[in-house]
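Structural description and commentary
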Amino acid sequence: MDIAALAKAHPDHWKKAAAIRALTLDAVAAANSGHSGMPMGMADVATVLFENHLKFDPAAPRWEDRDRFILSAGHGSMLIYSLLYLTGYKDVTLDQIKNFRQWGAITAGHPEYGHVSGVETTTGPLGQGIANAVGFAMAEEIQRAHFGKKIVDHHTYVIAGDGCLMEGISQEAIGLAGRHELSKLIVLWDNNDITIDGKVSLSDRTDQVQRFKASGWHVQEIDGHDPEQIDAAITKAKSTNKPSMIACKTHIALGHAAQDTSKGHGALTDAEQLAAAKDVYGAPQGAFEVPADVKAQWEAMGSRGAEARAEWDARFASISDRKQGEFKRAYALDAPKKLASVVRKLKKEIAESKPAVATRKSSEMALSVINPVMPETVGGSADLTGSNNTKTGDLGIFDTDNRGGRYVYWGIREHGMAAAMNGMALHGGIRPYGGTFFVFTDYARPSMRLAALMGIPTVFVMTHDSIGVGEDGPTHQPVEHLSICRATPNSYTFRPADTVETAEAWEIALTEKETPSTLVLTRQNLPTVRTDYKQKNLTAQGGYVLADAEAGKRQVILIATGSEVSLAMEARAQLEAQGIGTRVVSMPCMELFAQQDEAYRRKVLPAGPVRVGVEAAVRDGGWDKLLLGERGREAKQAFVGMTSFGASAPAGVLFEQFGITTDNVVAKAKELLG
């Protein structure tokens, strides 16, 4: 490649792009770790995007109608940090650039949402960013339909690499975007043909251009170092009625001795090679130096957005107070005042009517009263709508002819669904929830983890929660999945016992602002155990006394979740009939119980009585804490649950064969009493 000719043909552009390349080399060298090649290769594309197309304002990084820029190839984080520093984001200072990847710096090895203004989502696990972007684009469509184009009208831009497109989640995302004609989504593919191991051809021969076209995308192929081609391609992409992919042919580590090699992917720290690359760029030799005139040009790009934001502010002020209030409330993640009252009303009705229904049906009953008063909820299912019970009659279907629809048919794309829901939550103004079978958390898991890491309140509705699935067999019977969910920091795992607890779990999930929730729901019918109506949300305490000892001294505490709470109540009845005072503690959310103060936990789980945990899953650390910690003792505890995978048979047979029965719980308690 003739770099000198490129620099000569576009001198102003070249200097601005060279600033990104030089900062990247300096930061990675100072950290002695990182990924230099992608920022160096995509600097031209990013420069044109920020200078000519991206609608943003560094002075208002959370402006609701900004364009969203997502670096799906998050390992190239110095690209976005350079852009944010150069355009004038206050928190991305030169000191932050100098402390790239160091303790206490916001410039982490991979971009982290919530740490840095201008970083729209946490990326690094490849493919996540492009899948998040589908949710961003969907959220924009839904909100534009609801609030109008003069309030919501922006694009989502993504820089994705070869690795992003190899990950399976990328096809889930691409297929969704093409199906829904998300014309405000533009992907800029860093087509450099290099991975860590070497050439892409070592492991893949996919024709990515044809792949995107086959999925319904508008596709262009350009020289990713020619600013005129880049500009023209983005301009054209913005005018199409399809999602757009621009294949940008680039050279990884452009201008460096490692250009076009796998070494160029990683940390380029050799001092002589770094100096030589800077000579090629015509950049200052001093570390972290950006010429004043170049920095001023970049800052001018950033300040340009103030006018667009001021115009938007005026348009926003012109809409009704009601619309303004609804918009602001949804973006603030504040629940409508009616939410608490509709949940309380449902709880009272259930306590009186005492239906025996599966908690997946209970969830539908709760959503049927919640969705009408929360216009920001967007539901969906991974091709299991009738099984997950996630659709209510008021939502309408999101589609090309109904952008205001609030229910998404995600197809069999658990991973893509979870990532896109995260994108909706990150976009703002949307409360997304989506369902699949609990066993398929294995497919959605990376995105569920990132929701917790980012601190966003995505809601995952997971039904068919145990061996109660029955005849479908062990492939569809989750036994270890509660453990991994509970082990994840900053997440709530709810396993409600009946409709009342399910409604309370939904109320918590839809008022939480920084923690995702997983609702773990049954296929089989369960009796109502909360027959005494209480206005208070008891599930918010994590665990509580459902029924206390009546036959004299309390000798046994049975702790159960979900479908096993009713079983514990039956066991309590038998023990009480034998003169053994027994308390039942329902424990719908172990994480919330752990957050309660010591006095409350001591009141629920006092020292002295024997304890039996009951759950149709394998024992995990949460159970150890309840049975051995919290004043428990090894010799006075037992667990009735699973120690293996399930089997194929009717649910009743399985519970009997695996020993999750009333008689076994009673026997365990009496054995501990001696």
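Quick caveat, the model's predicted, so the values are computed rather than measured.

Analysis parameters
Residues numbered from 1 in each chain as written. Predicted model: local features only at pLDDT ≥ 70, side-chain atom pairs only at ≥ 80, totals over all residues. Heavy atoms only, no water. Helix = DSSP H or I, 4+ residues; strand = E, 2+ residues; numbered from the N terminus. Buried < 20%, exposed > 50% of the residue type's maximum accessible area, 1.4 Å probe, protein only. Pairing = 2+ DSSP bridges. Axes fitted to C-alpha atoms, helices over the stretch in contact; angles between N-to-C directions. Contact = heavy atoms within 4.5 Å. 1 Å grid on protein atoms, 1.4 Å probe; cavity = no way out; pocket = protein on both sides within 12 Å on 5 of 7 lines; lining within 4 Å. Points joined across faces, edges and corners; volume = space filled by probe spheres on them. Nonpolar A, V, L, I, M, F, W, Y, C, P; charged D, E, K, R; others polar. Salt bridge = Lys/Arg side-chain N within 4 Å of Asp/Glu carboxyl O.

Turning next to unusual backbone geometry. Positive phi, close to 55°, is recorded for alanine 253, a residue that is not glycine. Its location among the elements puts alanine 253 in the loop between strand E5 (244-249) and helix H11 (271-281). The class of alanine 253 is buried, set by a relative accessible area of 0%. In the Ramachandran plot, histidine 464 falls in the positive-phi region, its phi being about 60° despite a non-glycine side chain. Checked against the element boundaries, histidine 464 lands in the loop between strand E9 (459-463) and helix H19 (481-487). Assessed through its relative accessible area of 5%, histidine 464 is described here as buried.

We now examine the sheet that holds strand E1 (residues 68-71). Across the sheet, which stays open at both edges, the five strands sit in the order E1-E2-E3-E5-E4 with parallel pairing between neighbours. Edge positions in the open sheet fall to E1 and strand E4 (218-223), since each of these has one partner strand only. Taken pair by pair, the neighbouring strands of this sheet meet at an average axis angle of 20°, ignoring direction. Bridge count for strand E3 (residues 185-191) against E5 is six bridges, and the pairing is parallel. When the sheet's bridge partners are listed, tryptophan 189 is paired in E5 with alanine 247. Most of the contacts of helix H4 (residues 77-87) go to E1, to which it runs at about 145°, and overall it touches E1 and strand E2 (156-161).

Approximately 280 Å³ is the volume found for the largest pocket. Along the walls of the largest pocket sit 18 residues, with Arg62, Tyr113, Tyr331, Leu333 and Ala425 positioned nearest its centre. Per-element tally for the lining of the largest pocket: the top contributor is helix H17 (residues 414-427), with three residues. By residue class, the composition of the lining of the largest pocket is eight nonpolar, four polar and six charged.

Side chains that carry opposite charge are capable of pairing whenever their charged atoms lie near each other. Enumeration over the complete set of coordinates arrives at 37 salt bridges. Here arginine 554 makes a salt bridge to aspartate 548, at a shortest N to O gap of 3.3 Å. In the salt-bridge network here, residues are joined through shared partners; they are Glu598, Arg601, Arg602, Glu630 and Arg631.

Right, let's talk about empty space enclosed by the protein for a bit. Tallied over the entire structure, the rule returns two cavities of 30 Å³ or more. Taken as a whole, the largest cavity holds about 90 Å³ of empty space. Residues of the lining of the largest cavity, tallied by class, amount to eight nonpolar, one polar and three charged. Its volume calculated, the second largest cavity comes out at about 70 Å³. Arg445, Met448, Phe460, Cys485, Thr488, Ser491, Tyr492, Thr493, Pro516, Ser517 and Thr518 are the residues that line the second largest cavity. Mapped by element, the contributors of at least two residues to the lining of the second largest cavity are helix H18 (441-454), strand E10 (492-494) and strand E11 (517-520). In terms of residue class, the lining of the second largest cavity is made up of five nonpolar, five polar and one charged.

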